[in-house]
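Chains, contacts and geometry: an overview
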Amino acid sequence: MATESPLKVIFEHEGVFIHPSSDEDGLEQDLLISGSLRIVDKDAEVLVEYRPLEDTVDPSNMLCAGKDSSSVMEWDQCSGGKSHQLLESQHSYETEWDMVNAVSFKKRTCTNGEGSLNHSHERSRGAFSFSVGDLRSITVKEEGWTFLLLKLKESCASPPALHFHQGGSREFLDTLRTFALLTEAPEDDTCLLVSSPNRALSQSFENLLDDNNFGLVNQKFRKDPYVTTLGGFSKVTNYIFDAFRGTEEQHQRPPEEVADLLGEVIPGLEINQQEEPGFEVITRIDLGTRPEVMRREPLSAEDWTRHQDPEGRMINIPRLKQDIFKGGLCHSLRKEAWKFLLGYVPWDSTLEERKVLQRAKTDEYFRMKLQWKSVSEEQERRNSKLRDYKSLIEKDVNRTDRTNRFYEGIDNPGLVLLHDILMTYCMYDFDLGYVQGMSDLLSPILYVMENEVDAFWCFVSFMDQMHQNFEEQMQGMKTQLIQLSTLLRLLDLAFWNYLESQDSGYLYFCFRWLLIRFKRELNFQDVLRLWEVMWTGLPCQNFHLLVCCAILDSEKHKIMEENYGFNEILKHINELSMKLDVEEILQKAEGISQQIHSCKDVPHSISIILGLDQVCDSGPSPALRPTQRADACSNGLLRGSSSHSNGCKVAFIS
């Protein structure tokens with residue numbers, strides 16, 4: 001007898017339900033089939049499998065829906081006899097929602113259950129399996145939970161709708177994207193069209209920026225207000241889509257054409273490889289051995305208290321920041337400490353002064369909130385900009401951190417606050433308004449603050465740092481990509497040369513890292529740790545760029561040894577999401593900082609990027625924000641640009 005090939009389970013999620021319709025085999029419509037959904041790899045074929053719960057666990061534990069009430073969702077836990085029939089419901093459970101939308105089940109007395117269900121019949125009828133290659137479309141619907149309608153090719157019968165009562169739909173779709181390209185249908189933004197390209201490259205370039213469960217792709221970029229910010233990124237995605245299709249034209253496309261294409265996307269971003277007049281030409285620098293550094297335990301409440309005087313002023317602030325940089329904060333401190341780190345409240349303010357500030361900021365916030373709350377429908381019809389902001393905010397809020405208990409479920413108070421703060425920010429900065437990605441920056445802040453007003457003003461302070469990332473000209477993104485490339489060439493010229501040889505020297509794969517400060521790359525708690533460490537401003541300016549270098553340093557051997565090309569590099573970097581260890585990254589990034597600091601011959605451009613020199617020789621005003629000071633000098637790396645200072649240009653030669 002032939003041995004059955006082993007299955008490689010790629011994704012598995014229990015608690016996925018099928019809702020049988022009332023006309024199917026005489027079954028009651030309010031009975032549910034609970035099961036396990038898997039994506040498996042068998043003999044190089046990727047399959048989606050669904051197995052009813054009774055295949056793997058005691059059928060007496062099966063949950064079926066009882067009568068709904070207007071305010072709660074009720075569940076009956078049904079007992080099963082030896083005949084495997086649903087008999088009499090002994091208990092039911094009523095869901096309760098607390099302020100962070102954590103679902104709890106409360107047992108109460110229940111009436112007799114109705115109807116019966118033969119489990120062996122349900123097993124054969126409920127189970128299904130199909131190849132991902134047969135999948136043609138997925139329609140995403142919301143009904144208090146997410147459910148998916150899967151449509152297969154015409155020769156295959158489509159499976160029943162899958163209802164994700166307990167979450168997991170986003171993870172399922174994200175896993176599918178590893179093996180198929182999901183593109184939003186032009187005529188229906190809830191429908192994802194499925195194509196199965198080469199498995200070596202299955203994630204679109206947009207997913208480096210947005211990996212939401214609706215999968216923003218090229219059509220979305222064309223019609224969203226965000227297109228004005230992303231500029232020509234649709235050109236890049238067209239190029240990537242050619243790679244997905246594996247066309248001969250794409251495989252034969254010369255590197256010069258790729259460079260021209262990317263140069264159109266962010267004009268002037270082309271990084272110079274050759275010596276040109278006015279460049280600071282230096283030989284390859286020996287940075288010496290990278291020191292080993294150690295992280296510490298998070299700052300405790302007792303340590304924080306020791307840094308306060310009797311009136312509530314913070315004292316010995318440099319030491320306090322150093323302690324936060326080395327270990328972060330225990331969670332109970334974040335609500336207070338983040339206000340200082342972000343600059344919402346002054347370090348030298350007394351407790352009483354902070355109370356006065358809080359009252360003033362509360363009044364100011366609600367005045368701005370009232371401005372958009374009081375806009376009538378008639379006014380809104382004549383304000384297209386406000387309508388666009390509102391539409392984009394509503395769409396993004398509904399898919400921001402929905403697996404986090406603070407934001408999961410329907411009618412969640414956390415989602416309402418997220419929406420209201422972002423709408424109020426549009427009143428605070430109407431020129432910028434709302435741009436996709438800003439909800440990612442607000443979400444952790446609101447989670448920590450648990451207060452609408454404090455979260456708003458901390459978000460305002462954070463956006464003061466991040467503003468240039470979201471401006472229409474994207475000057476902040478241009479600058480950071482150039483600065484990152486400059487740092488990487490200093491730290492590892494061989495690796496940078498390899499990336500350049502694969503048309504990846506532009507480091508576009510780091511775009512999302514920089515845009516929303518690694519928010520999509522780390523789990524939620526690690527994001528909190530990373531942000532508070534970076535907000536200390538230590539150990540140098542633009543420390544987040546060294547965090548990028550640390551991640552790339554950890555991945556360079558795999559990229560080079562596997563001889564990854566342009567497409568494979570994009571895919572590999574994107575798949576690092578949620579697999580990174582924040583403490584290891586911070587340890588390595590701090591080591592890189594110390595390595596550069598200890599070097600006697602650091603190029604002037606590197607000193608400017610990391611703030612080792614206070615002011616550039618060309619003399620930009622010290623009053624400029626750090627990113628603006630660095631931008632004033634790093635633009636000298638733009639080919640053909642008129643730089644303010646030749647001393648800020650640099651080219652490395654080995």
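Right, let's walk through the structure included here. (Residues numbered from 1 in each chain as written. Predicted model: local features only at pLDDT ≥ 70, side-chain atom pairs only at ≥ 80, totals over all residues. Heavy atoms only, no water.)

Details of the packing of aromatic side chains
Per the counting criterion, the structure on display carries 24 aromatic pairs. Ring centres of Y365 and F366 lie 5.1 Å apart, and the angle between their planes is 80 degrees; on these two criteria the pair is classed as edge-to-face. When its relative accessible area of 0% is taken as the criterion, Y365 is described as buried. Their ring planes at 70 degrees and their centres at 5.2 Å tell us that Y425 and F459 sit as a pair that is edge-to-face. Placement of the pair is Y425 in helix α15 (residues 413–428) and F459 in helix α17 (residues 452–470), with a sequence separation of 34 residues. Taking the relative accessible area as the measure of exposure, Y425 reaches 1% and is therefore buried. Since its relative accessible area comes to 0%, F459 is described here as buried. Taken together, Y365, F366, Y425, Y428, F456, W457 and F459 form an aromatic cluster joined through their ring pairs. Its guanidinium or amino end placed over the ring of W496, R489 lies 5.0 Å from that ring's centre, counting from NZ or CZ. (Phe/Tyr/Trp six-rings, centres within 6.5 Å; stacked < 30°, edge-to-face > 60°. Buried < 20%, exposed > 50% of the residue type's maximum accessible area, 1.4 Å probe, protein only. Helix = DSSP H or I, 4+ residues; strand = E, 2+ residues; numbered from the N terminus. Lys NZ or Arg CZ within 6 Å of the ring centre and 35° of its normal.)

Remarks on helix α16 (residues 438–449)
What sets the pattern is the α-helix's 3.6 residues per turn: residues three or four places apart point alike. Compared with the 16 Å implied by 1.5 Å per residue over 12 residues, the 17 Å span of α16 between its first and last C-alpha is a close match. Of all 12 residues that make up α16, 12 are buried, and the element is covered over most of its length. Residues M438, S439, D440, L441, L442, S443, P444, I445, L446, Y447, V448 and M449 constitute the buried set of α16. Against the buried residues of α16 lie α11 (331–341), α14 (384–397), α15, α17 and α21 (524–534). Phi for E450, located one or two positions after α16, is positive at around 55 degrees. (Expected span 1.5 Å × (residues − 1). Contact = heavy atoms within 4.5 Å.)

Side note on the pairing of strand β10 (residues 146–152)
Counting buried positions along β10 yields five of seven residues, so the element is predominantly enclosed. Examined bridge by bridge, strand β9 (residues 135–142) and β10 share seven bridges and lie antiparallel to one another. Residue pairing in the sheet places K141 in a bridge with F147 of β10. In this antiparallel pair of consecutive strands, β9 and β10, the connection spans three residues, and G144 shows a positive phi of 85 degrees. Here three bridges tie β10 to strand β11 (residues 162–164), and the two strands are oriented antiparallel to one another. Residue pairing for β11: T146 is matched across the bridge by F164. (Pairing = 2+ DSSP bridges.)

Some remarks on the pairing of β9
Strand direction decides the pairing type here: β9 and strand β13 (residues 188–195), joined by three bridges, are antiparallel. Across the sheet, S137 pairs through a bridge with L193, a residue of β13.

Focus on the environment of I559
Tracing the chain through its elements places I559 in helix α22 (residues 543–561). For I559, a relative accessible area of 1% puts it in the buried group. C-alpha of I559 to C-alpha of Y498: the two residues are 61 residues apart in sequence and 9.3 Å apart in space. With sequence-adjacent residues up to four places away left out, I559 is seen in contact with F495, Y498, Y564, I569, H572 and I573.

Here's the deal with the pattern of salt bridges
Evaluated as defined, the whole model comprises 32 salt bridges. Across the pair E583 and R295 runs a salt bridge whose closest N-O atoms are separated by 2.8 Å. Of this pair, E583 sits in helix α24 (residues 582–597) while R295 sits in the loop between β14 (281–283) and α9 (301–306), placing them 288 residues apart in sequence. By relative accessible area, which is 26% here, E583 ends up partly exposed. A salt bridge links E364 to K361; the nearest nitrogen and oxygen atoms lie 3.8 Å apart. With a gap of three residues between them, E364 and K361 both fall in helix α12 (residues 351–373), about one helical turn apart. (Salt bridge = Lys/Arg side-chain N within 4 Å of Asp/Glu carboxyl O.)

A few points about the nonpolar core
Core analysis: the largest hydrophobic core is formed by 117 residues, its most contacted members being W304, I445, F470, F543 and I596. The greatest single-element share of this core, amounting to 11 residues, is contributed by α17. Residues contacting I596, with those up to four places away along its chain left out, are L487, L490, L491, L546, V602, I606, L610 and L612. Counting 28 residues, the second largest nonpolar core, distinct from the first, contains V16, I39, F128 and L173. (Core = buried A, V, L, I, M, F, W, Y, C linked by side-chain atoms within 4.5 Å.)

Points about the side chain of D309
Within the element layout of this structure, D309 appears in the loop between α9 and α10 (317–327). A polar side-chain atom of D309 sits 2.9 Å from the main-chain amide nitrogen of E311. Looking at D309, its side chain comes within polar contact range of the main-chain nitrogen of R313, at 2.8 Å. (Polar contact = N/O pair within 3.5 Å; in protein donor to acceptor, adjacent residues only side chain to side chain.)

Some points on unusual backbone geometry
The amide bond that connects L538 to the next residue, P539, takes the cis arrangement and shows omega of -5 degrees. Mapped onto the secondary structure, P539 falls in the loop between α21 and α22. A positive phi angle, close to 50 degrees, is found at D401, a residue other than glycine. Along the chain, D401 falls in the loop between α14 and α15. The backbone phi angle of L507 is positive, close to 60 degrees, even though this residue is not glycine.

A few points about the packing of α14 against α15
The contact between α14 and α15 brings their axes to 10 Å, and the two run at 155 degrees. One element, α14, and the other, α15, form an angle in the roughly antiparallel class. Between α14 and α15 the crossing geometry is right-handed. Here L386, Y389, K390, I393, E394 and V397 of α14 lie close against α15, whose contacting residues are L415, L418, H419, L422, M423, C426 and M427. Here the contact of α14 with α15 is composed, by residue class, of 10 nonpolar, one polar and two charged. (Axes fitted to C-alpha atoms, helices over the stretch in contact; angles between N-to-C directions. Parallel < 35°, antiparallel > 145°, perpendicular 65-115°, else oblique. Left-handed = near helix turned anticlockwise from the far one by under 90°. Nonpolar A, V, L, I, M, F, W, Y, C, P; charged D, E, K, R; others polar.)

A look at the environment of V194
Along the chain, V194 turns up in strand β13. Along the backbone, V194 and T183 are 11 residues apart, and their C-alpha atoms lie at a distance of 6.6 Å. Ignoring anything within four residues of it in the chain, the contact list for V194 reads L135, R136, S137, I138, A180, L181 and L182.

Re the packing of α12 against α15
Two packed helices can be described by the angle between their axes and the distance between those axes. Relative to each other, α12 and α15 sit at 95 degrees, their axes nearing to 8 Å. Judged on the interaxial angle alone, α15 and α12 are roughly perpendicular. Mapping the contact onto sequence places Y365, M368, K369, Q371, W372 and K373 in α12 and H419, D420, I421, M423, T424, M427 and Y428 in α15. Within the contact of α12 with α15, the residues separate by chemical class into seven nonpolar, three polar and three charged.

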